[in-house]
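Now for the letters of each chain:
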Amino acid sequence: ARAMVTGTSQGGGRCATCACCCSFRGLLRLAVAAALFQILALEESAKAVFEEHLGLRQVPERTSLVSPGSSSSANGAPAASPPAAPRAGASQDDRPIDICFCTDAEDVKQIAVAIESIVQHTRAPRRLVFHLVTSKDKAGPVGVSLRKVLPEVALQVHHNSTLEGHIQNLITAKTQVKGYVRDVLTSPFNFAAFYLDAFLGLSAAETSKRRLIYLDTDVIVQGEIIDLFEVDLKGKAVAAVEECSQTFGSYINVTLLEKLGFGTFNASTCIFNRGVFVAEFGRWKEERITADIEQWMLRYRSSEEPIYRSGLSQPPWLLALYGRYERLGAEWNCPGAGRETFSEVERDRFIDEFGKAHAEALGVKTVYRSGLGQSKFIVPFVVTCSRAAKLVHFNGGLKPWEQEWWEKRTPATLCALPSAMSAPEGTQQANDVQYVKCLWLWKRHLTLRAQQQLQVTRPVHVCLAAADASDLLPLAVSISSAATHSSLSRLVVHVITSTSLWKGFDRELRQLFPQLALHVHHNASLQKRLEGFSGASRTAPFKFAVFYLQEFLGPWALQASKLIFLEPGVLLRGDLAELHEADLHGLVAAAGQDCLQRLDLAALKHCCVSSALWAQAESSLVKLDKTCMANLAAFVVNLRRWMQLRILQQFESPGCSKGRADGICAVTHLFCYVAPFVFPHP
């Protein structure tokens with residue numbers, strides 16, 4: 001294994017670092033002997049693969065698969081005025097145009113593209129001042145990266161850890177919202193747009209006369225940004241784009257709000273998207289809009305039944321500004337360029353408007369995908385507003401800068417080609433309309449040089465749990481196979497073991513894999529607590545290690561927001577980066593399927609689950625009865641989401657003691673808790 005990782009060999013003599021010759025030799029001799037006897041029992045093909053990773057067989061040198069781093073008033077809503085128009089004579093205004101983005105993402109290619117698209121379409125680029133609100137740790141690196149590729153642009157990077165912490169303390173994620181909450185929704189920077197004056201450090205005098213444009217990072221601008229800046233707000237604090245394909249009722253439980261005495265809202269009112277808005281912050285502060293948004297966030301936290309149906313930042317924005325905003329023209333937010341599928345209603349509406357032949361010419365069809373229950377999807381999603389849009393919004397799961405992770409599993413979203421653009425190769429024609437992949441509209445603003453300079457290499461965190469000395473050999477095999485097929489510069493390996501073994505494991509593994517970032521973790525008090533769950537068996541606690549990843553890993557759990565958990569002995573034949581970047585579809589984990597085992601709902605009910613959790617899970621599980629189980633030998637966990645679901649607290653609840661004492665395996669426990677939240681990965 002060492003020879004494979006380091007690319008060296010020590011000839012026929014004894015290896016100075018051979019495990020059998022180290023101070024750990026006694027236990028390891030037994031482990032190696034037992035493992036070698038097991039090898040003899042394997043069929044020849046499996047034996048050959050296993051021997052490769054023990055260094056017993058010569059194999060050609062491999063390279064990584066991935067290069068190291070890629071309203072109308074008729075419905076009872078407040079009466080709305082026509083879309084805001086540019087102010088008369090405002091074109092002579094030479095004030096700076098402040099444009100703000102908020103994100104804590106490491107990958108800033110989308111911001112570079114958004115800025116470049118704005119600059120390309122304006123007549124006065126020198127008036128533009130771009131502001132990026134981010135976290136303290138990313139402010140420096142992100143600023144440097146963006147200035148490299150946009151040297152002529154006026155860019156200011158802002159951070160405020162105190163304010164960030166204040167926002168984080170207000171955020172509440174409830175699993176009842178569509179069953180899950182995506183990670184990005186719980187970031188403070190999903191709410192930072194409501195605090196722009198504070199993040200930018202504007203004084204009271206500056207705020208009183210400051211107008212700001214806020215844009216989500218997943219947009220491109222195809223119109224003159226000055227026209228957006230100079231709209232007449234007619235005394236309002238904010239102007240935003242209405243989106244009548246969605247209504248208040250889809251985001252907010254208006255019946256519950258009225259019942260709780262929080263006011264009367266019309267469920268059929270069009271929403272106004274917070275992804276693009278113009279604000280006069282003097283007026284914003286006079287109307288205490290930020291305070292009103294915070295009040296709705298606290299009401300959501302305190303309500304026993306969720307007052308939101310979807311999202312986390314959009315509902316309080318909608319509620320706080322209900323009837324208090326000016327409408328922007330629809331051309332300033334053409335949504336859906338990152339969407340994967342049509343709903344049946346949307347597909348039928350598209351066919352009614354454009355005709356069945358139009359849809360067929362674009363390949364719109366229904367596909368079926370098996371998983372934890374079979375589902376049907378209507379693909380690809382088609383965006384028509386892009387033809388005349390001044391801003392295209394890539395909301396949805398198919399982000400252009402993440403193309404490599406989704407292009408193999410789903411067709412790209414199609415966008416109507418803007419009339420002023422020449423048709424590229426691969427353009428599709430339907431009647432008199434030309435369509436391109438939406439990501440082409442985005443990519444045309446990103447040069448190859450900029451793409452290379454902004455390439456982000458995310459570490460791939462892998463975790464294995466070892467109960468005793470005999471686990472060292474299969475542990476080494478799994479790590480060796482991972483190192484063989486993945487980029488060493490990206491791998492960060494974590495091993496969880498007992499307090500008595502961690503020093504020996506740490507020494508042996510570092511000698512075997514000197515080029516790997518490797519960390520061995522132990523926790524004596526946690527181990528003792530786990531032994532109380534598992535009875536006499538001293539190895540049993542580590543079967544439950546997956547429930548305690550954040551406790552064992554400590555600060556690493558916060559850094560590794562996503563983590564791959566492997567059973568020792570698993571052989572890997574592909575790049576772990578692909579598994580690490582698997583789309584979890586907003587759920588807590590992604591796992592393969594094991595159709596040799598079937599979900600038995602009756603048996604699962606015996607699993608240690610509180611009555612409240614079972615009531616929540618049963619409705620999701622009942623349709624999955626007798627379907628394939630999740631194979632948890634190798635799976636991806638979203639650690640932040642895991643902690644938000646409080647799965648550990650459920651596992652340790654008093655109602656669990658019988659299930660644990662009965663010796664139900666950790667896999668059953670895990671599946672019982674997270675099955676409604678696990679996405680079946682191929």
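Not measured: the values here are computed from a predicted model.

Conventions and cut-offs
Residues numbered from 1 in each chain as written. Predicted model: local features only at pLDDT ≥ 70, side-chain atom pairs only at ≥ 80, totals over all residues. Heavy atoms only, no water. Helix = DSSP H or I, 4+ residues; strand = E, 2+ residues; numbered from the N terminus. Buried < 20%, exposed > 50% of the residue type's maximum accessible area, 1.4 Å probe, protein only. Areas by Shrake-Rupley, 256 points an atom, 1.4 Å probe, with all protein chains shown as cover. Disulfide = S-S within 2.5 Å. Pairing = 2+ DSSP bridges. Axes fitted to C-alpha atoms, helices over the stretch in contact; angles between N-to-C directions. Contact = heavy atoms within 4.5 Å. Parallel < 35°, antiparallel > 145°, perpendicular 65-115°, else oblique. Nonpolar A, V, L, I, M, F, W, Y, C, P; charged D, E, K, R; others polar. Expected span 1.5 Å × (residues − 1). Salt bridge = Lys/Arg side-chain N within 4 Å of Asp/Glu carboxyl O. Phe/Tyr/Trp six-rings, centres within 6.5 Å; stacked < 30°, edge-to-face > 60°. Lys NZ or Arg CZ within 6 Å of the ring centre and 35° of its normal.

Trainee: Go over the overall build of the protein chain, please, and point to the residues and values.
Mentor: Per the secondary structure count, the protein chain includes 31 helices and 22 strands. The buried share of the protein chain, reckoned over its 682 residues, is 54%. For the protein chain, the computed accessible surface area is about 30100 Å², with 51% contributed by carbon and sulfur atoms.

Trainee: Explain unusual backbone geometry to me, using residue names and the numbers behind them.
Mentor: Cis peptide bonds are those with omega within 30 degrees of zero, and the linkage from Val379 to Pro380 qualifies with -10°. In this structure, Pro380 sits in the loop between strand 10 (375–379) and strand 11 (382–383). One non-glycine residue, Arg288, adopts positive backbone phi at about 55°. Residue position: Arg288 is located in the loop between helix 12 (281–286) and helix 13 (289–302). Arg288 sits in the exposed class, given a relative accessible area of 56%. Look at Asn431: it is not a glycine, yet its phi comes out positive at around 55°. If you trace the backbone, Asn431 turns up in the loop between strand 14 (428–430) and strand 15 (433–437).

Trainee: Quick rundown of the state of the cysteines? Include the residues and the values.
Mentor: Tallied over the entire structure, the rule returns three disulfides. Bridging Cys244 to Cys270, the disulfide has an S-S length of 2.0 Å. Because the sign of the S-S torsion sets the handedness, a value of about 100° for the bond joining Cys244 and Cys270 places this disulfide among the right-handed ones. A residue pair is termed long-range when its members are at least 10 positions apart, and Cys244 in strand 6 (residues 238–247) and Cys270 in strand 7 (residues 270–280) qualify at 26 residues. Since its relative accessible area comes to 47%, Cys244 is described here as partly exposed. On the basis of relative accessibility, which here comes to 8%, the residue Cys270 falls in the buried class. Not engaged in a disulfide, the cysteine Cys102 finds its nearest cysteine sulfur in Cys100; these two sulfurs lie 6.8 Å apart.

Trainee: With reference to specific residues and values, describe the sheet that holds strand 3 (residues 154–158).
Mentor: One open sheet holds the seven strands; their spatial order is 3-2-1-4-7-6-8, and the pairing between them is mixed. With one partner strand each, in any of the chains shown, strand 3 and strand 8 (325–328) form the two edges of the open sheet. The sheet shows a mean angle of 35° between the axes of neighbouring strands, direction not considered. Against the sheet, helix 5 (residues 136–149) engages strand 2 (128–133) and strand 3, with an angle of about 170° to strand 3.

Trainee: Could you give an account of the packing of helix 6 (residues 161–170) against helix 13, naming the residues involved and the relevant values?
Mentor: Close contact between helix 6 and helix 13 brings their axes to 9 Å; oriented N to C, the two are set at 40°. By the angle between their directions, the pair helix 6 and helix 13 is classed as oblique. Here His166, Asn169 and Leu170 of helix 6 come into contact with helix 13, specifically with Glu294, Met297, Leu298 and Arg301. Taken together, the residues that form the contact of helix 6 with helix 13 break down as three nonpolar, two polar and two charged.

Trainee: Explain helix 4 (residues 109–120) to me, using residue names and the numbers behind them.
Mentor: With twelve residues, helix 4 extends 16 Å from end C-alpha to end C-alpha; this agrees with the ideal 16 Å at 1.5 Å per step. Most of helix 4 sits out of view: nine of its twelve residues are buried. Of all the positions in helix 4, only Lys109, Gln110, Ile111, Ala112, Val113, Ala114, Ile115, Ser117 and Ile118 are classed as buried.

Trainee: So, the pattern of salt bridges: which residues are in play, and what are the values?
Mentor: If you walk through the whole model with that rule in mind, you get 21 salt bridges. Note that Arg283 and Glu287 form a salt bridge whose closest N and O atoms lie 3.0 Å from each other. Residues Arg507 and Glu508 are paired through a salt bridge, measuring 3.7 Å at the closest nitrogen-oxygen approach. You can call Arg507 partly exposed: its relative accessible area is 33%. Each member of the salt-bridge network shares a partner with another, and the members are Arg283, Glu286, Glu287, Asp292 and Arg324.

Trainee: Pulling in residues and values, what's your account of the packing of aromatic side chains?
Mentor: Applying the stated criterion to the full structure yields 21 aromatic pairs. Taking the centre distance of 6.4 Å and the plane angle of 75° together, the rings of Phe191 and Phe194 count as edge-to-face. Per residue, the accessibility class of Phe191 equals that of Phe194, and both read buried. Geometrically, the ring pair formed by Phe277 and Trp284 is stacked, given 6.1 Å between the ring centres and 15° between the ring planes. With respect to class, Phe277 is no different from Trp284; both count as buried. Over the ring of Phe262 we find Arg299; its NZ or CZ atom is 4.4 Å from the centre of that ring.

Coordinates in, geometry out; function isn't part of it.
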